[in-house]
Amino acid sequence: MSTKKVKITIEKQLPYGLLVSFEGRRGLVRLREISWDPEERRKWQNLFPQGSQTLACIVKEDASDLTELSIRLAKRDPWSSIGSTYRAGMVLSGVV
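Definitions and limits used
Along every chain, residues carry numbers that run from 1 in the direction the sequence is written. In keeping with the model being predicted, local features are shown solely for residues with a pLDDT of at least 70 and side-chain atom pairs are shown and tallied solely at 80 or more, while totals for entire chains, interfaces and linings include all residues. Values shown for side chains rest on all heavy atoms present in the structure; no hydrogens or waters enter the calculation. Each pair of aromatic rings taken from Phe, Tyr and Trp, with Trp reduced to its six-membered ring, is defined by centres within 6.5 Å and is described as stacked if the planes are under 30 degrees apart, edge-to-face if over 60, and tilted in the remaining cases. Here, over-ring charges are defined by two tests on the NZ atom of lysine or the CZ atom of arginine: distance to the ring centre within 6 Å, and angle to the ring normal within 35 degrees. Scored from 0 to 100, pLDDT records how confident the predictor is in each individual residue. A run of H or I in DSSP counts as a helix once it spans at least four residues, and a run of E counts as a strand once it spans at least two, with each numbered from the N terminus. If DSSP finds at least two bridges between two strands, the strands pair. Between two residues, a contact is recorded if the distance between any of their heavy atoms is within 4.5 Å. Put simply, a nonpolar core is a bunch of buried Ala, Val, Leu, Ile, Met, Phe, Trp, Tyr and Cys residues held in one set by side-chain atoms that sit within 4.5 Å of each other. Exposure classes here rest on a 1.4 Å probe applied to the protein chains alone. A residue is buried below 20% of its type maximum, exposed above 50%, and partly exposed in between.

Asks: Any chance you could explain the packing of aromatic side chains here in plain terms?
Replies: Working definition: an aromatic ring pair is given by the centre-to-centre distance plus the angle between the planes. Under the definition given, this model contains zero aromatic pairs. The lysine or arginine in question, arginine 72, covers the ring of tryptophan 36, its NZ or CZ lying 4.5 Å from the ring centre.

Asks: It is not clear to me how the confidence of the model for the protein chain should be interpreted in this structure. Could you clarify?
Replies: Interpretation of this model should avoid reading the predicted coordinates in detail wherever pLDDT is low. Per-chain confidence: the protein chain averages 88 in pLDDT, with 97% of residues scoring 70 or above. Element-level mean pLDDT values for the protein chain span from 78 in helix α3 (residues 82-85) up to 95 in strand β1 (residues 5-14).

Asks: What's the story with the pairing of strand β3 (residues 25-30) in this structure? I'm lost.
Replies: Here is the key point about a regular strand: its side chains alternate between the two faces of the sheet. Across six bridges, strand β2 (residues 17-22) lies against β3 in antiparallel orientation. Within β3, the position partnered with glycine 17 by the bridge is arginine 30. Here β2 folds back onto β3 in antiparallel fashion, the turn holding two residues, of which glutamate 23 has a positive phi close to 50°. When β3 meets strand β5 (residues 67-70), the two strands line up parallel, connected through three bridges. Looking at β5, one finds that valine 29 is bridged to leucine 69.

Asks: How should I be thinking about the environment of leucine 28 in this particular structure?
Replies: With respect to the helices and strands, leucine 28 occurs in strand β3. In this structure, the C-alpha to C-alpha distance between leucine 28 and glycine 83, residues 55 residues apart in sequence, is 33 Å. If we skip the residues at most four places from it in the chain, leucine 28 touches Leu14, Tyr16, Leu18, Val20, Leu66, Thr67, Glu68 and Leu69.

Asks: Sorry if this is basic, but what is going on with the nonpolar core here?
Replies: Most often, soluble globular proteins have nonpolar side chains that are buried together. Judged by nonpolar contacts, the single largest core of 14 residues is most densely connected at Ile8, Leu18, Val20, Val29, Leu69 and Ile71. Listed by contribution, the elements that provide at least two residues to this core are β1, β2 and β4 (53-60). Apart from residues no more than four positions distant in its own chain, isoleucine 8 is found in contact with Val20, Ser21, Phe22, Val29, Ser52, Gln53, Thr54, Ala56, Leu69 and Ile71.

In structure tokens, the structure reads:
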């Protein structure tokens, strides 16, 4: 998987994600790749209107298809700092 970040422009919202353009090419950001935050994924249509720009990482390049991109991978991974918040042996309560 590439970690190259590119600036994307939202061309169109689709039922399954975003059709985008970058560096003279077209790509697709699937819904699961929009954000780490489930609340942001629910509001994706408001967060990424047509014409808006953001950074994304290239996930899969294919010469015959659209390039797959990830907006969430271009942002900080919340799991990378989980050890500073929770320690081994801590007891937490919550809904699973």
